Amino acid sequence: MTLKLNDSYLSRFVSPEDYRGIAPEIVAAHDKLVKRNGAGSDFLGWVNLPERYDKEEAARIVKAAEKIRKSCDVFVAIGIGGSYLGARAAIDFCKGVHYNDLRQGTPAIYFAGNDISASNLSELLRLCQDKDVCINVISKSGTTTEPAIAFRLFRALLEKKYGEKAAAERIFVTTDKARGKLKELADAKGYETFVVPDDVGGRFSVLTPVGLLPIAVAGIDIYDMLQGAATAKNAYGSCDLEKNDAYKYAAIRNILLRKGKTVELFASYENSLSMTAEWWKQLYGESEGKEGKGLFPASATFTTDLHSLGQFIQQGSQVLFETVLDLQKASDALAIPSDETNGDGLNYLAGKDLHFVNRTAFAATALAHTDGNVPNVVLELEKRGAYEFGYLVYFFELACAISGYILGVNPFDQPGVEDYKKNMYALLGKPGEEHEKRRIELAKKR
């Protein structure tokens, strides 16, 4: 199987009675999803997306990616949150963290518009100065501060370098299909556009044009990725927790939360999975963290972080459980050589594959952490690839929706994020009566 939930490290923490007790809530959450009568049901487009995606638009994405690969050295994807995390996670997952250095026949890919750091953006602009550059700005409205600033700067760079008309051939826009400032600008300038679906929220959008264009530019097969997601959709249709690992994962999360485990630590033993953890954190944090509810999503990459966080995990406050993404097969084989002097004392490992040692570290850590009262949910992932990434994305999205409904929240809104944006608009002096009123209210609090 592509992905399998291993609950052997949970026997001390989750009982058969726990599963039986939560089973009716699983059924109720499933019904809300299937009947589309739960909170946020207007944003369930991701459910059938792997089978019903726009084939014509997917073909345009592949064609645009081919054009980009032939015409630029550097491709900059401009977006924040769900507009960049999924694509960045997919590229690291499929191509590795050293993609930009090891790539062959594809441009270096950088991500901008996900912060407001002057240093970060200045350095990236300098990096692009003497390169052929294409950009993809990803924003539903076109007015979100971080990507809008980055887009303004990169658009100016391209227009100065190539002229306005030629620059338009290097600018690709992923935005609303019919309205918004970015759509208006794209139509006026003649940029090629792709659609952010109305019924798919940003954190669920990696398998839409939001994520697929940067992914395709990296030379990753988006059809294979969508097929992986479609396979996962068909695999997780039952409400039986013994047959549906996505629902079982959702159940375990809520069972452990009710037992006082308020922090979920997403752990992996591969750097190439670290950005997948960042995408996962937004998915679950933004979906469940509301109304004073939800697990706090954190992440770590082992064994690196065992030397900084391991002590706390093992013997700190007992609020954690771990969800470990356990990669079964490595992309590369690397045997440990023998050394005649054995000065480091490692000859007992000579001839062993490094991935074997890495997985042994996982087993040793899981045993230690469960002894320290830290439950471990283990998700066994067969290997890294486009198909597997699509499968994994759908698994987590489905489990998130079910988990959110069990928790009793709307998994598809983010009112807290909107508050921060409105405050920033007011404090920065954005014109408008609404912003002026909020600015006066905030001034009283400062």
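Bear in mind the structure is a predicted one, so any value in this text is a computation, not a measurement.

1. Notes on the pairing of strand β9 (residues 320-327)
Right, on to step 1. Among the eight residues of β9, eight are classified as buried, and the element is accordingly described as predominantly covered.
Right, on to step 2. The alternating pattern of β9 places L320, E322, V324 and D326 and F321, T323, L325 and L327 on opposite faces, both of which are buried.
Right, on to step 3. When strand β7 (residues 263-268) meets β9, the two strands line up parallel, connected through six bridges. In the strand pairing of β9, L265 is matched with E322.
Right, on to step 4. Two strands pair when backbone bridges link them, and β9 and strand β10 (residues 376-381) are joined in this way by six bridges, in the parallel orientation. Across the sheet, the residue bridging to T323 is V377, located in β10.

2. Considering empty space enclosed by the protein
Right, on to step 1. Across all of its chains, the model carries one cavity of 30 Å³ or more by this definition.
Right, on to step 2. What the largest cavity holds in volume is close to 60 Å³.
Right, on to step 3. Lining of the largest cavity is provided by Y269, E270, L325, D326, L327, H355, N358, R359 and F362.
Right, on to step 4. Elements with a contribution of two residues or more to the lining of the largest cavity: β9 and α15 (354-371).
Right, on to step 5. Here the lining of the largest cavity takes four residues from α15, the largest share from any one element.
Right, on to step 6. Looking at the lining of the largest cavity residue by residue, the classes come out as four nonpolar, two polar and three charged.

3. Brief notes about the pairing of β10
Right, on to step 1. Counted residue by residue, β10 has six buried out of six residues, so it is predominantly covered.
Right, on to step 2. Along β10, one buried face is formed by N376, V378 and E380 and the opposite face, lined by V377, L379 and L381, is buried too.
Right, on to step 3. Alignment of strand β1 (residues 3-6) against β10, held across four bridges, turns out to be antiparallel. Each bridged residue has a counterpart across the sheet, and for K4 the counterpart in β10 is E380.
Right, on to step 4. Read as a crossover between parallel neighbours, the route from β9 over α15 to β10 is right-handed.

4. Some points on the sheet that holds strand β8 (residues 296-301)
Right, on to step 1. Taken together, the five strands give an open sheet; going across it, the order is β1-β10-β9-β7-β8, and neighbouring strands pair in mixed fashion. Each of the sheet's edge strands pairs with one partner strand only, and the pair in question is β1 and β8. Mean inter-strand twist for the sheet, computed between neighbouring axes without regard to direction, equals 20 degrees.
Right, on to step 2. Strands in contact with α15 are β9 and β10; relative to β9, the strand with the most contacts, it is inclined by about 160 degrees.

5. Side note on the sheet that holds strand β2 (residues 74-78)
Right, on to step 1. Overall, parallel pairing links the five strands, which are arranged β3-β2-β4-β5-β6 in an open sheet. The strands lining the two open edges of the sheet, one partner per strand, are β3 (108-112) and β6 (192-195). Each strand of the sheet is rotated relative to its neighbour by a mean of 20 degrees, with strand direction disregarded.
Right, on to step 2. Pairing analysis gives four bridges linking strand β5 (residues 171-175) to β6, with the strands arranged parallel. Directly across from F172, in β6, lies its bridge partner E192.
Right, on to step 3. Its contacts with the sheet place helix α3 (residues 55-71) against β2, β4 (133-138), β5 and β6, and it is angled at close to 140 degrees to β6.
Right, on to step 4. Relative to the sheet, helix α6 (residues 118-128) contacts β2, β3 and β4, its axis offset from that of β3 by approximately 150 degrees.

6. Quick word on helix α9 (residues 181-189)
Right, on to step 1. Listed in full, the buried residues belonging to α9 are L182, K183 and A186. When α9 is viewed along its axis, its buried side chains cluster within an angular range of 100 degrees and face the same direction. Away from its buried face by more than 90 degrees, α9 exposes K181 and A188.
Right, on to step 2. Against the buried residues of α9 lie β4, α7 (145-162), β5 and β6.

7. Remarks on the environment of Y249
Right, on to step 1. Along the chain, the position of Y249 falls in helix α12 (residues 245-258).
Right, on to step 2. Y249 gets classed as buried once you look at its relative accessible area, which sits at 0%.
Right, on to step 3. Taking the C-alpha atoms as reference points, Y249 and V378, 129 residues apart in sequence, are found 9.7 Å from one another.
Right, on to step 4. A polar contact of 2.5 Å, which involves the side chain of Y249, links it to the side chain of E264.

8. Remarks on the packing of helix α13 (residues 274-288) against helix α16 (residues 386-407)
Right, on to step 1. Orientation of α13 relative to α16, taken along the N-to-C sense of each, is 20 degrees, at an axis distance of 10 Å. In terms of axis orientation, α13 runs roughly parallel to α16. Handedness of the crossing formed by α13 with α16: right-handed. Residues T276, W279, W280, L283, Y284, S287 and E288 of α13 touch α16, and the partners they reach there are F389, L392, V393, F396, E397, A399, C400, S403, G404 and L407.
Right, on to step 2. Looking at the contact of α13 with α16 residue by residue, the class counts come to eleven nonpolar, four polar and two charged.

9. With respect to the state of the cysteines
Right, on to step 1. Within this structure, the stated rule accounts for zero disulfides.
Right, on to step 2. No disulfide involves C128; its sulfur sits 9.6 Å from that of C72, the nearest cysteine.
Right, on to step 3. Judged by its relative accessible area of 0%, C128 is buried.
Right, on to step 4. Take C134: it sits in no disulfide, and the sulfur closest to it among the cysteines is that of C72, at 3.7 Å.

How each quantity is defined
- Think of each chain on its own: its residues are numbered from 1, step by step along the sequence as written.
- Thresholds applied to this predicted model are a pLDDT of at least 70 for local features of residues and 80 or more for the giving and counting of side-chain atom pairs; totals over whole chains, interfaces and linings are not thresholded and use all residues.
- Each side-chain value is derived from all of the structure's non-hydrogen atoms; neither hydrogens nor water enter the calculation.
- Only protein chains enter the area calculation, which uses a 1.4 Å probe; residues under 20% of their type maximum are buried, those over 50% are exposed, and those in between are partly exposed.
- Secondary structure elements follow DSSP: runs of H or I no shorter than four residues count as helices, runs of E no shorter than two count as strands, and numbering proceeds from the N terminus.
- Here a strand pair is declared whenever DSSP counts at least two bridges between the two strands.
- Grid points spaced at 1 Å and placed over the protein atoms alone form the basis of the search, with a cavity being a set where a 1.4 Å probe fits but cannot get out and a pocket an open set showing protein on both sides within 12 Å along at least five of seven lines. Lining residues have an atom within 4 Å of a point.
- Grid points are joined across faces, edges and corners, and a volume is the space filled by probe spheres set on the points.
- For this classification, Asp, Glu, Lys and Arg are treated as charged, while Ala, Val, Leu, Ile, Met, Phe, Trp, Tyr, Cys and Pro are nonpolar and the rest, including Gly, are polar.
- Look down the strands so they point away from you; if going from the first strand over the helix to the second traces a clockwise path, that crossover is right-handed.
- Note on definitions: angles span 0 to 180 degrees between N-to-C directions of axes, and those axes are lines fitted to C-alpha atoms, for helices only across the stretch in contact.
- We call two residues in contact when some of their heavy atoms are within 4.5 Å.
- Directions from the helix axis toward the C-beta atoms define the arc.
- Between N or O atoms, a polar contact is any pair within 3.5 Å; within protein, one atom must be a potential hydrogen donor and the other a potential acceptor, and residues adjacent in sequence are included only when both atoms are from side chains.
- Convention used here: angles under 35 degrees read as roughly parallel, angles over 145 as roughly antiparallel, angles from 65 to 115 as roughly perpendicular, and any remaining angle as oblique.
- Each crossing gets its hand from how the near helix is turned against the far one by less than a right angle, where anticlockwise is left-handed and clockwise is right-handed.
- Throughout, disulfides are identified as pairs of cysteine sulfur atoms within 2.5 Å of each other.

Taken by themselves, the reported measurements are silent on function.
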